[in-house]
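# Structure at a glance
Here is how the chains run, residue by residue.
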Amino acid sequence: MLQRNQISPSVDLRNRPAELPSLAETFDAFVTYLLRQYWVILGTAGLCLFGGICYLMTAAPSYTALATMIIDTRKFQAFQQQSPVSELPVDSSAVESQVEILKSENVALAVIRDLKLNEDPEFIGSRAGAAGAVLDFVSGLFAGSAPPNEFDRTRRAVRTFQKQLDVRRRGMTYVIEVSFRSLDPERAAQIANGVADAYIVDQLDSKYQATRRASVWLQDRIQELRTQASNAERAVLDYKKTNNIVTSSGKLLNEQQLGELNTQLVHVKSQVTDAKAKLDRIEAVVKGGVADATVADTLNNQVITKLRSQYLELANREADWSSRYGYNHLAAVNLRNQMREIQSSIIDELKRLAESYKSDYAIALQRQTEIERAVNESVSQSQSTNQAQVTLRELESSAQTYRSLYDNFLQRYMENVQQQSFPVSEARVITRASRPLSKSHPQTLVVLALSALGGLIAGLGLGVLRDLYDRVFRTAEMVETILDADCVAIVPRLSPSQLKAPVVARPHLPAGARMIQRGDEPVLWAAIDSPFSRFSEAIRSIKVNADLNVTKPSKILGLTSALPNEGKSTLAFVFAQLVAQSGARVLLVDCDLRNPSLSRKVAASAERGILDVLSNNATLQDTLWRDPETGLAFLPGATRSRIAHSHEVLASDQMKDFIDGVRSHYDYVIVDFPPLTPVVDVRITAHFVDSFVFIVEWGKTQVQVVERALRSARAVNENLLGVVLNKADIAAMSRYSGYGGKNYYYNSHYGRYGYTE
């Protein structure tokens, strides 16, 4: 027996938080997706490419001619003047508006009428090419038999014309490209130039019509403004005459007089102030009794100036004598007496001047009074005419407004008349269309590239849909993610060439022994015949997982599946053989009482089975069959008739006692149970089975079937050792996993013996 390795139960890889896939994992997933769906992707791309080639072969070639024109408002600026219908400066929106005008139906009708396109079969007849013929045939089934009239032909021509016309702005410039596609290269160039010419003629005609309408409107408006201006000016003159309002140089006479009086009043007030200041000064000196000799500088009087000079001279002499001979010297005393006489003369002269200043002050004050009275009278007169002046200003403003409007409209009318005689267009052709040398549609490289690209995209989409609807188990990761269970083994599918087992010498058995015979299914002995094959290694992994199960002993192993024919009975026999070959005591029990297929394969002549043992009709040793090569003990499920209540047999106490009895005699008891979905037998076997191994057929069993089966059998799900993916296509499986599963199974060092793929 192999010693079991102990793993800590605290380590649960399934309960780890999900992590986002790395860039390498994402790339691997994409590569595996391409490997998985490459034939769908390439097939769809090939079909689309074939469709593109068919289109190129059947489509009629067409030619595109290009004419360019520019929207230039500065052209003929010397001949134009500002007019009521002048356009705004050309900006981006204006250029886009001109593009829409070029696409308009008016331009299309003008070209169709000039070139008689409503009689051209290309515009009103059948479509060109094989595809066009098919479309014409389909549309003819629903159309009437009556021939089209003139209106219908024109509408068809307009519809076809607008489809084949392409007008676009070149970048952010004022240049507009006009291209037209036609089956005839000459016709394409002719129509492209015709569109440009029709647009220019349409612009000139629209300007002429707008100018003419503006002229008519301006004439009526000018006549109305002339009458209004004349009436307003006449009302101003009548009002002036009624209110005696006289103006001179644009001003009223009383306003001019009031201005002059204000000027005189200011001057007189200045004179009064000056005279009052002089009078107050003199009166202050005279009132003091002793006049200061320096007052003469202020009064500017010749007599006082002369007396002041004498006084200053005597003062100097008196100071000199006093300093020489003393203050009381006779000469000094005489000098001081003379000085007093001069002061007396100065005071007398000041009194005389005071009387003169008093007279000047009285005269200036009288003049101020008279001027103030005149100002008051003028102000009173102005106030009496203020109300009339307000009304007059309103009348004059109205008359001036009407006159300005009249002059402005008259000037606009003259400019409009001049422009009407010389209309210009802001658009001009800078490159006329010429005959194209090669076809423009269909573009071979573009059609092929788009067909291939569309096919690849459609193929990728179809591949994704196939993956979405492929709800079967393909990888161990799917089992662990969806079922939250370990995938204990991936058993490869064996081809007929791999099942050519070598001849093995059988040991000698005693007479009468119940011996398992090799039948017509060599797959049952594939692991024994080729112990180094991938098939054998996958079966061994089931035993390894059973031995490593530390949560509970796994001596009693039950194998089941969701549906029949998933290979559970074959795997049970092969697994039991492989474990027995390692030297362990193994008992294989066929408990599929409804359909004991394993018993029919390896013990077809068995007359007694597990039912006889449970009913004590036979002993275990009398019922067992043995494999002479491995020593495997097999208890068949042979029944004489079909059992309706097989689940009661498996749930009985006898069954539990039987399992408890063989538990001590065998190292492993492997039980082949029926599938979960058709019958309910397995659901009541958890009381004597340690662990269950669930078999899922790779690429066939639906996910929802397995999930429903495990949900219905909670006992199986709770005691599940793991899931085995059976009949796996290893070559195809590598296309569903990005973790190198293919390299593992195809490793040359581990697959050199036994079966290889």
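In this report, the structure presented in the accompanying data block is examined. (Residues numbered from 1 in each chain as written. Predicted model: local features only at pLDDT ≥ 70, side-chain atom pairs only at ≥ 80, totals over all residues. Heavy atoms only, no water.)

### Observations concerning the nonpolar core
The condition that has to hold: Among buried residues, the Ala, Val, Leu, Ile, Met, Phe, Trp, Tyr and Cys ones that are joined through side-chain atoms within 4.5 Å form a nonpolar core. Type-normalised accessible area, obtained with a 1.4 Å probe on protein chains alone, sets the label of each residue: buried when under 20%, exposed when over 50%, and partly exposed for intermediate values. In DSSP terms, a helix is any run of H or I states spanning at least four residues, a strand is any run of E spanning at least two, and both are numbered starting from the N terminus. Should any heavy atoms of two residues lie within 4.5 Å, those residues are counted as being in contact.
Within the largest apolar cluster, 51 residues are counted, with the highest numbers of intra-cluster contacts made by Leu587, Ile610, Leu635, Phe658, Phe673 and Phe694. The dominant element in this core, judged by the number of residues it contributes, is helix 22 (residues 703-712), at five residues. Setting aside residues up to four positions removed in sequence, Leu587 forms contacts with Leu624, Ala633, Phe634, Leu635, Val662, Tyr666, Tyr668, Val669 and Ile670. Val491, Leu588, Leu632 and Val724 belong to the second-largest nonpolar core, a separate cluster that totals 42 residues.

### As for the sheet that holds strand 13 (residues 691-697)
For the record, the criterion: Being paired, for any two strands, means DSSP has found at least two bridges between them. Only the contacting stretch of a helix is used when fitting its axis, a line to C-alpha atoms as for every element, and angles between N-to-C directions run 0 to 180 degrees.
Ordered by their spatial adjacency, eight strands build an open sheet running 7-14-13-8-12-9-11-10, and the pairing between neighbours is mixed. Among the strands making up the open sheet, the edge pair consists of strand 7 (487-492) and strand 10 (625-626). Note: strand 8 (residues 556-561) against strand 13, five bridges, orientation parallel. Note on strand 13: the bridge partner recorded for Gly558 is Phe692. Contacts from helix 16 (residues 568-581) reach strand 7, strand 8, strand 9 (586-590), strand 12 (668-672), strand 13 and strand 14 (720-728) within the one sheet, and its direction differs from that of strand 12 by about 165 degrees.

### Brief notes about the environment of Asn549
With respect to the helices and strands, the residue Asn549 is situated in the loop between helix 15 (534-547) and strand 8. Using a relative accessible area of 16% as the deciding quantity, one classes Asn549 as buried. For Asn549 and Leu721, which are 172 residues apart along the polypeptide, the C-alpha to C-alpha distance reads 7.8 Å. Beyond its immediate chain neighbours, meaning those up to four positions away, Asn549 contacts Ser554, Ser691 and Leu721.

### A closer look at the side chain of Glu177
This is how it is decided: Polar contacts here mean pairs of N or O atoms no more than 3.5 Å apart (in protein, one a potential hydrogen donor and the other a potential acceptor; neighbouring residues in sequence count only if both atoms are side-chain atoms).
Here Glu177 shows up in strand 3 (residues 175-182). Exposure remark for Glu177: the relative accessible area of 18% places this residue in the buried category. Looking at Glu177, its side chain comes within polar contact range of the side chain of Arg170, at 2.8 Å. The contact partners of Glu177, leaving out residues within four places of it in the chain, are Leu66, Ala67, Thr68, Asp166, Val167, Arg168 and Arg170.

### A word on the sheet that holds strand 2 (residues 165-169)
Strand order in the open sheet made by the four strands is 2-3-1-6, with antiparallel pairing throughout. Where the open sheet ends on each side, the last strands, each with one partner, are strand 2 and strand 6 (427-431). Taken pair by pair, the neighbouring strands of this sheet meet at an average axis angle of 30 degrees, ignoring direction. Here strand 1 (residues 63-71) pairs with strand 3 via eight bridges, running antiparallel. In the sheet register, Tyr63 faces strand 3, and the bridge partner there is Ser182. Across the sheet, helix 2 (residues 92-102) lies against strand 1, strand 2 and strand 3, angled at about 175 degrees from strand 2, the strand it touches most. Packing against the sheet, helix 7 (residues 185-242) makes contact with strand 1, strand 2, strand 3 and strand 6, and its axis sits at approximately 20 degrees to strand 1.

### Topic: the packing of helix 3 (residues 105-115) against helix 6 (residues 150-164)
Keep this limit in mind: Oblique is the label for every angle not falling under 35 degrees (roughly parallel), over 145 degrees (roughly antiparallel), or within 65 to 115 degrees (roughly perpendicular). By definition, any crossing whose near helix is turned counterclockwise from its far helix by less than a right angle is left-handed, and any crossing with a clockwise turn is right-handed. Under the scheme applied, nonpolar residues are Ala, Val, Leu, Ile, Met, Phe, Trp, Tyr, Cys and Pro; charged residues are Asp, Glu, Lys and Arg; polar residues are all the others, including Gly.
Viewed as axis vectors pointing N to C, helix 3 and helix 6 meet at an angle of 115 degrees, and their least axial separation amounts to 10 Å. The angle between the axes of helix 3 and helix 6 places the two elements in the roughly perpendicular class. Taken as a pair, helix 3 and helix 6 cross one another with a handedness that is right-handed. Contacts between helix 3 and helix 6 involve Glu105, Ala108, Leu109, Val111 and Ile112 from the first element and Thr154, Arg155, Ala157, Val158, Phe161 and Gln162 from the second. For the contact of helix 3 with helix 6, a count of residues per class yields seven nonpolar, two polar and two charged.

### Some thoughts on a nonpolar patch on the surface
The condition is simple: Think of a patch as exposed residues, more than 30% relative accessible area, with no salt bridge, where like charges cluster within 9 Å and nonpolar side chains (Val, Leu, Ile, Met, Phe, Trp, Tyr) cluster within 5 Å. Using the Shrake-Rupley algorithm and a 1.4 Å probe, accessible areas are obtained, with residue cover drawn only from the displayed protein chains. Only one rule defines a salt bridge in this text: a Lys or Arg side-chain nitrogen within 4 Å of an Asp or Glu carboxyl oxygen.
Together, Leu462, Val464, Leu465, Leu468 and Tyr469 make up an exposed nonpolar region whose accessible area comes to about 530 Å². On the secondary structure map, Leu462 appears in helix 12 (residues 444-469).

### Considering a negative patch on the surface
What counts here: Counting rule for charge: Lys and Arg are taken as positive, Asp and Glu as negative, and neither His nor the chain ends is counted. Think of each charge as sitting on NZ of Lys, CZ of Arg, CG of Asp or CD of Glu.
Among the surface-exposed residues, Glu477, Glu480, Asp484 and Asp486 lie close enough to one another that they form a single negatively charged patch. Among the secondary structure elements, Asp484 is positioned in the loop between helix 13 (476-483) and strand 7. When its relative accessible area of 45% is taken as the criterion, Asp484 is described as partly exposed.

### Structural notes on helix 13
For clarity, the threshold we go by: Of all possible arcs, the one meant is that of the directions from the helix axis to the C-beta atoms.
All of the buried residues in helix 13 are Ala476, Val479 and Leu483. Seen along its axis, helix 13 keeps its buried residues to an arc of 70 degrees; they face one direction. Residues of helix 13 that are buried sit in contact with strand 7, helix 22, strand 14 and helix 24 (730-733). Positioned one or two residues after helix 13, Asp484 has a phi angle of 55 degrees, which is positive.

### Examining the pattern of salt bridges
One pass over the structure, following the stated rule, counts 22 salt bridges. For the salt bridge of Glu186 with Arg435, the shortest nitrogen-to-oxygen distance reads 3.3 Å. One end of the pair, Glu186, is in helix 7; the other, Arg435, is in the loop between strand 6 and helix 12, with 249 residues separating them in the sequence. The class of Glu186 is partly exposed, set by a relative accessible area of 45%.

### Some details on the pairing of strand 1
As judged from the four bridges shared by strand 1 and strand 6, these two strands associate in the antiparallel manner. Within strand 6, the residue paired with Thr68 across the bridge is Thr431.

### Observations concerning unusual backbone geometry
With an omega of -10 degrees, the peptide bond running from His441 to Pro442 counts as cis. Notably, Asn565 is not glycine yet its phi reads approximately 65 degrees, a positive angle. By the element assignment, Asn565 lies in the loop between strand 8 and helix 16. Residues other than glycine seldom take positive phi values, yet Asn616 does so here, at roughly 60 degrees. Relative to the assigned elements, Asn616 resides in the loop between helix 18 (610-614) and helix 19 (620-623).

### Focus on the packing of aromatic side chains
Applied cut-off: Stacked, edge-to-face and tilted labels apply to pairs of Phe, Tyr and Trp rings (six-membered ring for Trp) whose centres lie within 6.5 Å, assigned for plane angles under 30 degrees, over 60, and everything in between, in that order. A ring is considered to have a charge above it if a Lys NZ or an Arg CZ atom is located within 6 Å of its centre and within 35 degrees of its normal.
Enumeration according to the criterion identifies seven aromatic pairs in this entry. Ring centres of Trp217 and Phe409 lie 5.7 Å apart, and the angle between their planes is 50 degrees; this geometry places the pair in the tilted category. Residue Trp217 is found in helix 7, and its partner Phe409 is found in helix 11 (residues 330-420); the two are separated by 192 residues along the sequence. For Phe409, a relative accessible area of 17% translates into the label buried. Of the aromatic side chains, those joined through ring pairs into one cluster are Phe123, Phe161 and Phe180. The ring centre of Tyr361 lies 5.3 Å from the NZ or CZ of Lys276, which sits over that ring.

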